[in-house]
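Structure at a glance
Here are the chains, one letter per residue:
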Amino acid sequence: MPGSLEERYIRLEVMSGRNLQVPSGRMPAGVYVSIIVDSWGCWKSAISVLSSDKSVVWGNTVTLPSHTSPALSVEIRASYEAGRMLGNGEVIGKLQISWDELLDHGDEPFDVSFPPVRNVCPSLTLRAAAVHACDDQDNTLSDSLVDSVITRDTDAGHARLAGYMRSRMVSHLSDAMQHFQSVLDQCPVGHPDHAAALTNLAYARLAGYIQNHLQDINTTISLFHESLALRPQGHPDHVSSLYNLITALNWRHIKESTAVYIHESAQLCCKLLPLCPEGTYLRSIAVNGAVGYVINNLPIDASDEGIHLRRNILELCPVGYQLRPRALGRLAEALRTRFKKCGNIDDIDETIQLSREAIFLCPKGYSDRGGFLNKLALSLENRFYNQGKPNDLDEAITLYEESLHLWPVGHDSRNIALDNLGGALVARFNKRGDIDDITRAISLGREALTLCSPGHPGHDNILHNLAQALKTRYNKSYVSEDLNEAIGLYRESHLLTRLDHPERHVILYSLSAALCSRFMHTRKNGDVEEAIQLCQEALASLPSLHPDRSVVYAWLQRAYLSRYRIQHNPADLSSAMEHFRLSSIHPTEGFPQRIRVAIDWARQAEIYQHESALEAYQMCFELFDSHVMSLSSIFSRREAATAFHGAQSLPVDAASCATRRDNLRQAVELLEQGRGQQWSLASRLRTPLEDLWSANPQLAQRLSELSKHLSHAQGSTGSTDPAAADRAATEYRRLTGQWKAAVAEIRNLRAFSRFLLPPSYEDLQAAARQGPVIILIASQYSCSAIIVPTSGDPHNVPLPSVSLTELNNLKDRFARAIRHASVMGPKVPRNDLIVLLRTVWNEIMLPIVNVLENVLKLNHRSRIWLCPTAAFTSIPLHAAHPFQTNADGSKEPCLEDLYICSYAPTLSALVRSRQMMKKRVTPSFATIGQGQPGAGKGKALLAVDSELELVHKLVPAAAKRITISGDTATRAGALQALEENTWVHLACHGKQDPTQPYDSHFVMRDEHLTLLDIMEKDTPHAEFAFLSACHTAVGDEETPDEVIHLAAGLQFSGFKSVIGTLWEVNDAVAKHVVEAFYRYMFMDLKDGKGVVMDCSRAAWALNCATHAVKTKVPLEQRMVFIHIGV
C-alpha cells in the first residue's frame, strides 16, 4: 500500500447499479451517485438514464482522500430533471462504508447492497484501489451538495412524498405539497426552475388523487400542461413532461371514464414513444403502462380522426411487442365499426387483414386468442353479407367453432361464442337450406340465453338473435309457435335496448319483418300497421348513407306489399315499388343485397303488372355488372352468376317484358346487357382503342396499361391462403378503381360519351350488317323471336304455341333422341329426331321464316344468324325441317335449304368479330390432333391422324401449314399453335364441364387445354377454327345465357369464325363432313385461283358440306356441327 494512512488516497470507480427503484414510485429522469467525505466535500457521478431492467451503467471514477475521515457516505439519488436540477433529487439508498471495506476486494469489482426499497435491495457495483494523490489528480472532484432554501424545500418535499407513498398518511402528503408549493412560490414565471417546481407539485397532487386523498384533478393537469409548455420538443425534460401528463390523463380517465382525456392521452403517447430510446425504463413503462392503458381503454371511434389515431398507436407497437396483437385488434374493431356505418369494402378487408395478423401473433394457448378468433369471424361474416363470398361464411363458422372450444362451460365469454356461432349457422341455413344448421342455431341460442340472465349486457342481443333463428325456421316450416315466440323475444329485446344503441334499428326492422309474416297468416291489421311504423322509426334513426337503410327500405316495401295483397290499395303497391327502388339504389350497401332486392322488385312488378318492371330489370343488370366487375377471380364471377335465385332468367324475362310493352329496341338492349356478362366484362379489357389514340394518346396509353394490369391481376381461382387471396382482391379492387376513373375521364371527351357503356340498339344492329339476326327468347312470361334486320326497327315474331315448359321438355327429348341415335346403325332411320325437328320447324322456325320471306323479303340462300337464349340454346334450331313431301312430289325445303345459318352467342360478340376483320394478315394454317390422349383421358380416336392428313392436303399450298400431333400435341404446343396461326383445325376429345364451364377442355397428350387457357390468349389476327371435337359449342345447364363454351372462348380470344359441335362427334364419320367442308371452303382457290382464304365463307361451306354428305353421314352427325361468327 503506497504511503502512510495520512497520505493515502483511494481511487473509486462507480461502475453500475441494479434494482434501482424510486421510493415514491415516480419516473426519474436519471439516477446518479454521490460520495460524501466529511470535511472534504461531495462528489457526484453523471446522471444516467435508468434501463428497462432498472439498472444503470456509469463507469465514473473519483480519487478520494482517505486520511480526512474514517469512512465515506454513498448515496443513490433519483433526479427528476435531465438538465438543470432542482434540488438534489430523491434518495433511493444511503450507506456508510469504511475505507477498509472498500479495499478488501483487491482490484476486483464488488457489489454493495442498500436497504430495501419496495421489497427489493438496490445495489452498486464498485471497484477501489489505493493510489498516490499525485497519480490521478485530474479525476479528483470536490464539491458539496447544493444547499439553499429552494433546495432544502425541494428535497424535503421528495422525502415527505416518499414517506406518503410508504405510509399513505395524508399528513405526509400535505407536508410534501406544502414544501413543493413553497418552492414554486420561490420560482415564479421566468425562473429557470419554474417548470421543475410545477412538475413536483403536480406529481404530489396526482399521488394524492390516485389514493383518493385529493379530488381536484383539474389543477394537477393544468400544472402538468403548463410545465410541458415550458419544455418544448428538444428540451432535455420534454419527454418526462409528456409522460407525466399522460399518466395524469390516464388516471383521470380511470376515475371518470370521460373519453376526451384518453383521447388526449393517446395523442400524446404517439408523440412520446418515438422520443423514448429502446431499452430505457421510461420506454418499457410507457409501452406497458401508458400505451397499454390507451390501447385497452381508448373507446372505439370510427371517425377518420379516430382511426388515424389508432393507426398511429399501432405504429408504436412494432412486430415483437407484446401489445401489438391488441393494438391490431382495436384498430380492426374501429375499421369494422366504420364499415358497418359506411359500407366501404376496403375497411372490412383491412379489418380482416389486421385480425389475421393478430391471430398469427397469438399462438394456441395465448389468453386472448379466443377473442381474436371471434372478431375475425365477425368480420368475415360482415363481408359475407356485403359481398356474398361463401368461403367467408365457411371460414367464419370454423373460427367460431374454435373460439367456442377455447371458451368451455364456465368461461365468461362462452355466451358470445354460442350467440355468434348460432347467427352464422342461420346465415348458412339461408344459403344452403340444411335443417341441421337452423336446429343447432336455435339450440345454441337457448344455451346462450341461460348464461345471460336479465341485466347481463349481452342479454338483449341474444334475445334478438334467438328470435332471428326461430323466425328463420318459421320461414321454412311455417310452425306458428316459432313465429309467436320470435315476436315475443323481439319485443323483449326491443324494450331492453337503449334508444342510442347503434344496432337498435336492426331490432326494429327484425320485429317488423316478423309482424309482417304474422299479418299474412292472421290478417290482423294491427300487425302490419306496427310493422310499417317500426321500419319508419328505424329509418329515422339512421344517417342518409348508412348501409342498413337499404335493408330497412326492403322490409318496408314488404310491409306495404303485404298490406296491398290483402287490402288492394294502389297506394300501397306504389309505396312498395318505390321502396324496392330506394333499397336497390342505396349506394353504401353491398351489391349482393341490392341485387336480391332488385330481382324481387322485377318479379313483384311482373306479378302486379306495375310500370316499374323495366326499370327493375335495368337495375338488376347494372348492379350485377358492378358486382362481377369487383370480383378478381374468373371462377368467383361464375359463382356470382349462379348465386342469386331467379337471376338466370332475368335477361329473357326483361326482353319478354319489353316485348309485351311493344318496346322491341329496349328488348334487344336489355337482353344483350343481361346475357354473356362474363364475356362482356372480359372484353372491356381488350377494347380496341384506335379512335382514342387519335383523340387523346395519353388517356389511351393509361387505359391500355391499366387494362393489361387488370388482366394479369384477375386470377382464375382464389389463393388457397385466405390472407393472400384477400391481398390479391384488394389490389385488384385498387386497379379497378383506377381503370373506372380512366373510363370516366374518357367519357368526358367529345365523341366518347358512350365509351364502354352498354350498347344501344343502333350499336347492336351492326351485327346484322351481313344478314338478319334472329333472337329467340324463352321466358316464363312469353316465348317469341325478335328479328334484327340490316336496317330499321326490329320485328317481333310471337310463338304462341310454345311455352318455356314445352321448350324444356323439347330440349330433354332432343338429348334422349341424340343418345339413342348414337348407338343406332348408320342406315337406321332417326324417327325420333325427325319428329322433333318437324316440331322445331312448325312451332318455332316457320313463323320466323314467314317474316323473313314475306316482310323482310330476304332472298333464299342469304345468311341469317341465330341468337338463342335459355332453353333455345340446347335445341338444334339450324336443323329445323318439315320432312314433308308436296303434292307434286317435291320436298318441302328445310331451314338450311332456304338460308345459310350461323349462330351468335351474343350480338356484341358478332360485332367485335366484324370489327376485327379489318386486321388481315398472311394466312397460316395449323392442324392439331391428339388421337392417343393416354390412360384415363378417353378412348383412342383412330381417325384423327387420317383427318389431319386430309385437311393438310386440302389447305391451299399458298398458306403456311404446320401439323401438330402425337407427342407434340401437348397443352403448350397447342396453345402456341393457336397463338401463332390464323387458321386452326383441331381434332381430339373435347369435354364441356357441366359444373365449372371454365374447366371445359380439349384433351392433349399431357395436360388439358382448358377454356381458361384459351381465354387468356389475345390473338387479334386469328381468323378461323374448326373444332372437330365433342361438346365444343354447348354451354352449361345452370347459366345457358352466359354462353360459356369452347367455341365462344375461341371467338373471344380472336377467332372470327368458328365451327363447333353441339354434342358427341363420331370421328369415323365426322371426317366426311370435314373433307366436304374444306373442299367447298377452298374450291375457288384450287390451281392458284383466288388469292385470299376467306373465313366468312365457313357458314356457306358447312351448309354445302352437310347437304353433300347426306348419304354417308347419319342425321345427328350432320346436325352436330354449327357455325359461329362472321
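First things first, this report covers the structure right here in the doc. (Residues numbered from 1 in each chain as written. Predicted model: local features only at pLDDT ≥ 70, side-chain atom pairs only at ≥ 80, totals over all residues. Heavy atoms only, no water.)

**Comments concerning the overall build of the protein chain**
What the protein chain contains, in helices and strands, is 42 helices and 22 strands. By the compact-globule yardstick of 32 Å for 1126 residues, the protein chain is too spread out, its C-alpha radius of gyration being 42 Å. Overall, the C-alpha framework of the protein chain stretches about 150 × 80 × 60 Å when taken along its three principal axes. Among the 1126 residues that make up the protein chain, the fraction classed as buried is 56%. Summarising the internal contacts of the protein chain: among those between residues at least 6 apart in sequence, 70% fall at separations of at least 24. (Helix = DSSP H or I, 4+ residues; strand = E, 2+ residues; numbered from the N terminus. Rg over C-alpha atoms; globule rule 2.2 N^0.38 Å. Buried < 20%, exposed > 50% of the residue type's maximum accessible area, 1.4 Å probe, protein only. Contact = heavy atoms within 4.5 Å.)

**Quick word on the packing of aromatic side chains**
Aromatic ring pairs are defined here through the distance separating the ring centres and the angle between the ring planes. Inspection of every chain in the model, using the stated rule, returns 16 aromatic pairs. Consider the rings of Phe-1077 and Tyr-1078, whose centres lie 5.0 Å apart with planes at 80 degrees: the pair is edge-to-face. Across the pair, Tyr-1078 and Phe-1077 agree in class, each one buried. Aromatic pair Tyr-1078 and Phe-1082: ring centres 5.8 Å apart, planes at 25 degrees, arrangement stacked. For the pair formed by Tyr-1078 and Phe-1082, the shared burial category is buried. Taken together, the ring pairs in this structure connect Phe-925, Trp-983, Phe-1024, Phe-1026, Phe-1077, Tyr-1078, Phe-1082 and Phe-1121 into an aromatic cluster. The lysine or arginine in question, Lys-255, covers the ring of Tyr-209, its NZ or CZ lying 4.8 Å from the ring centre. In this structure, Arg-914 is placed above the aromatic ring of Trp-865, and the distance from its NZ or CZ to the ring centre is 4.8 Å. (Phe/Tyr/Trp six-rings, centres within 6.5 Å; stacked < 30°, edge-to-face > 60°. Lys NZ or Arg CZ within 6 Å of the ring centre and 35° of its normal.)

**Observations regarding the side chain of Glu-606**
If you trace the backbone, Glu-606 turns up in helix H22 (residues 591–607). Within the local environment of Glu-606, its side chain forms a polar contact with the side chain of Arg-660, the two groups lying 3.0 Å apart. Discounting chain neighbours no more than four positions away, the residues touching Glu-606 are Tyr-617, Asp-653, Cys-657, Arg-660 and Tyr-781. (Polar contact = N/O pair within 3.5 Å; in protein donor to acceptor, adjacent residues only side chain to side chain.)

**Quick look at the side chain of Glu-381**
Relative to the elements of secondary structure, Glu-381 occurs in helix H12 (residues 369–387). The side chain of Glu-381 sits in the buried core without any salt bridge; Arg-336 is the nearest counter-charge, 7.8 Å away. A distance of 2.8 Å separates a polar atom in the side chain of Glu-381 from a polar atom in the side chain of Tyr-400. (Lys, Arg positive; Asp, Glu negative; His and termini not counted. Salt bridge = Lys/Arg side-chain N within 4 Å of Asp/Glu carboxyl O.)

**Quick word on the sheet that holds strand S17 (residues 990–991)**
Strands sit in the order S17-S18-S19 across an open sheet of three strands; the sheet is antiparallel. With one partner strand each, in any of the chains shown, S17 and strand S19 (1009–1010) form the two edges of the open sheet. (Pairing = 2+ DSSP bridges.)

**A short note on the pairing of strand S10 (residues 783–788)**
The side chains of a regular strand alternate, first on one face of the sheet and then on the other. The buried fraction of S10 is high, at six of six residues. A two-sided burial pattern is seen for S10, the buried positions comprising Cys-783, Ala-785 and Ile-787 on one face and Ser-784, Ile-786 and Val-788 on the other. Relative to S10, strand S9 (residues 773–778) runs antiparallel, the two sharing six bridges. Within S10, the position partnered with Leu-776 by the bridge is Ala-785.

**Structural notes on the packing of helix H16 (residues 459–477) against helix H17 (residues 480–496)**
Direction vectors running N to C along H16 and H17 enclose 155 degrees, while the axes themselves pass 8 Å from each other. On the basis of the axis angle, H16 is roughly antiparallel to H17. H17 is crossed by H16, and the crossing has left-handed handedness. Facing His-459, Asp-460, Leu-463, His-464, Leu-466, Ala-467, Gln-468, Leu-470, Lys-471, Arg-473, Tyr-474 and Ser-477 of H16, the residues of H17 in contact are Ser-480, Asp-482, Leu-483, Glu-485, Ala-486, Leu-489, Tyr-490, Glu-492, Ser-493 and Leu-496. The residue makeup of the contact of H16 with H17, split by class, is ten nonpolar, six polar and six charged. (Axes fitted to C-alpha atoms, helices over the stretch in contact; angles between N-to-C directions. Parallel < 35°, antiparallel > 145°, perpendicular 65-115°, else oblique. Left-handed = near helix turned anticlockwise from the far one by under 90°. Nonpolar A, V, L, I, M, F, W, Y, C, P; charged D, E, K, R; others polar.)

**Concerning the nonpolar core**
Membership of the largest hydrophobic core comes to 356 residues, with the highest contact counts inside it found for Ile-844, Met-845 and Phe-1077. If we ignore the near neighbours within four places in the chain, the residues touching Ile-844 are Leu-776, Leu-799, Val-802, Leu-807, Leu-810, Thr-839, Phe-872 and Leu-877. (Core = buried A, V, L, I, M, F, W, Y, C linked by side-chain atoms within 4.5 Å.)

**A short note on the pattern of salt bridges**
A side chain of one charge can pair with a side chain of the opposite charge if their charged atoms are brought near each other. On inspection of all chains with the given rule, the structure shows 50 salt bridges. A salt bridge links Asp-175 to Arg-160; the nearest nitrogen and oxygen atoms lie 2.7 Å apart. In this pair, Asp-175 sits in helix H3 (residues 170–186) while Arg-160 sits in helix H2 (residues 149–167), placing the two residues 15 residues apart along the sequence. Of the residues examined, Arg-160 reaches a relative accessible area of 29% and is grouped as partly exposed. Notably, a salt bridge pairs Asp-349 with Arg-383, separated by 2.8 Å at the nearest N-O pair. You can see Asp-349 sitting in helix H11 (residues 345–360) and its partner Arg-383 sitting in helix H12, a full 34 residues away along the chain.

**Observations concerning the environment of Gly-934**
Here Gly-934 lies in the loop between strand S14 (924–929) and helix H36 (944–954). With relative accessibility at 36%, the residue Gly-934 sits in the partly exposed group. As a C-alpha pair, Gly-934 and Arg-1005 span 71 residues in sequence and 6.6 Å in three-dimensional space.

**Quick notes on unusual backbone geometry**
A positive phi angle, near 60 degrees, is found at Asp-662, a position not held by glycine. With respect to the helices and strands, the residue Asp-662 is situated in the loop between helix H25 (650–660) and helix H26 (664–674). Of note, the phi angle at Leu-756 is positive, near 60 degrees, even though the residue is not glycine. Structurally, Leu-756 is set in the loop between helix H30 (722–747) and helix H31 (761–764). The partly exposed category is assigned to Leu-756, whose relative accessible area is 22%.

**As for the pairing of strand S22 (residues 1121–1125)**
With respect to burial, S22 is a largely interior element, five of its five residues being buried. Pairing between strand S21 (residues 1057–1061) and S22: five bridges, direction antiparallel. Along S22, the bridge assignment pairs Thr-1061 with Phe-1121.

**Overview of H26**
Summarising burial for H26: nine of the eleven residues are buried, a large majority. Among the residues making up H26, those that are buried are Leu-664, Gln-666, Ala-667, Val-668, Leu-670, Leu-671, Glu-672, Gln-673 and Gly-674. Phi turns positive one or two residues past the end of H26, at Gly-676, with a value near 55 degrees.

**Points about the sheet that holds strand S2 (residues 30–37)**
Strand order in the open sheet formed by four strands is S3-S2-S5-S6, and the pairing between neighbours is antiparallel. The sheet terminates laterally at strand S3 (41–44) and strand S6 (90–98), the two strands that pair on one side only. Taken pair by pair, the neighbouring strands of this sheet meet at an average axis angle of 20 degrees, ignoring direction. Judged from the eight bridges that link them, strand S5 (residues 71–79) and S6 form a sheet pairing that is antiparallel. Each bridged residue has a counterpart across the sheet, and for Ile-76 the counterpart in S6 is Gly-93.

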